[in-house]
Amino acid sequence: MLTALRIFFPFILSLGLTYAQYDLVVYGATPQGVTAAVAAAQEGLKVLLLEPGRGVGGVLTRGWLATLDLAEDREGLLQGGLFRDFYRRIGKEASFDVVQAEQAFWAMLREAGVEVRLEVPLDRVGVEAGRLTLLETPMGTVGAPYFVDATDTADLAFRAGASFTQGREDTGLDGRSMAATLVFRMEGLPWGAVFLALHFDRHVPVVQRQIPRTPATAL
């Protein structure tokens, strides 16, 4: 009897992992991935958010894109939905601290009841009749009726066999790729002078004289 349990227990466990876990699996804890997971969980779905990296927030936190492109009219902010929740949590400012932004994303996920697992790369995907059915990761096999690929590189969609184009070939214009933003980590920057330069043109020469002495490391 004990031998039989030892043989069949891993098999039974794998069945449970594959078929009885989640209503939705979101791959990629980017801003869009967090939003999709939170929105689904708020509608009552059991959601798992998987991220191959070490944190949530994608370009807004790991990529340091710390300024929002806001749209407003006379009545206020045009963006709505979960963005407004995030915007409120970072202090309703167009520019924000990336640590505060990641904390805001974590709070939204916790309050919605989303299960999050970090540093989970894909080993293999299972596809049946053109439909994605499961993900195999170093942490085990995960199955769900629905999946969302929220990665910036469309890794999950590519592995599942989705068609794709490269560069701008789908526009019919040319095959050039989209430009990427170069980000610098800077130390010793005189933030007081920078602040003045952003608000008063007459202080720009002061900043220009000090910035060349600031060490910078390209990411």
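Residues numbered from 1 in each chain as written. Predicted model: local features only at pLDDT ≥ 70, side-chain atom pairs only at ≥ 80, totals over all residues. Heavy atoms only, no water.

Colleague: For this particular structure, what's the right way to read unusual backbone geometry?
Modeller: In terms of backbone geometry, most residues other than glycine have negative phi values and most peptide bonds are trans. Even without being glycine, tryptophan 64 reaches a positive phi, approximately 60°. Here tryptophan 64 lies in the loop between strand 2 (47-51) and strand 3 (72-73). For tryptophan 64, a relative accessible area of 30% puts it in the partly exposed group. Here lysine 92, not a glycine, exhibits a phi torsion of approximately 55°, which is positive. Mapping lysine 92 onto the fold places it in the loop between helix 3 (82-89) and helix 4 (98-112). (Helix = DSSP H or I, 4+ residues; strand = E, 2+ residues; numbered from the N terminus. Buried < 20%, exposed > 50% of the residue type's maximum accessible area, 1.4 Å probe, protein only.)

Colleague: Teacher, can you tell me more about the side chain of glutamate 102 here?
Modeller: Mapped onto the fold, glutamate 102 is located in helix 4. Classification of glutamate 102 as buried rests on a relative accessible area of 16%. At 3.4 Å, the side chain of glutamate 102 and the side chain of arginine 62 are in polar contact. In this view, glutamate 102 contacts Gly55, Val56, Thr61 and Arg62; residues no more than four positions away in its chain are not counted. (Polar contact = N/O pair within 3.5 Å; in protein donor to acceptor, adjacent residues only side chain to side chain. Contact = heavy atoms within 4.5 Å.)

Colleague: How do you make sense of the side chain of arginine 117 when you look at a structure like this?
Modeller: Considering the arrangement of structural elements, one finds arginine 117 in strand 5 (residues 115-118). Judged by its relative accessible area of 18%, arginine 117 is buried. Here glutamate 115 takes part through its side chain, which lies 3.1 Å from a polar atom of the side chain of arginine 117. Excluding residues within four positions of it along the chain, arginine 117 makes contact with Gln21, Tyr22, Leu48, Leu49, Leu50, Glu51, Met139 and Val142.

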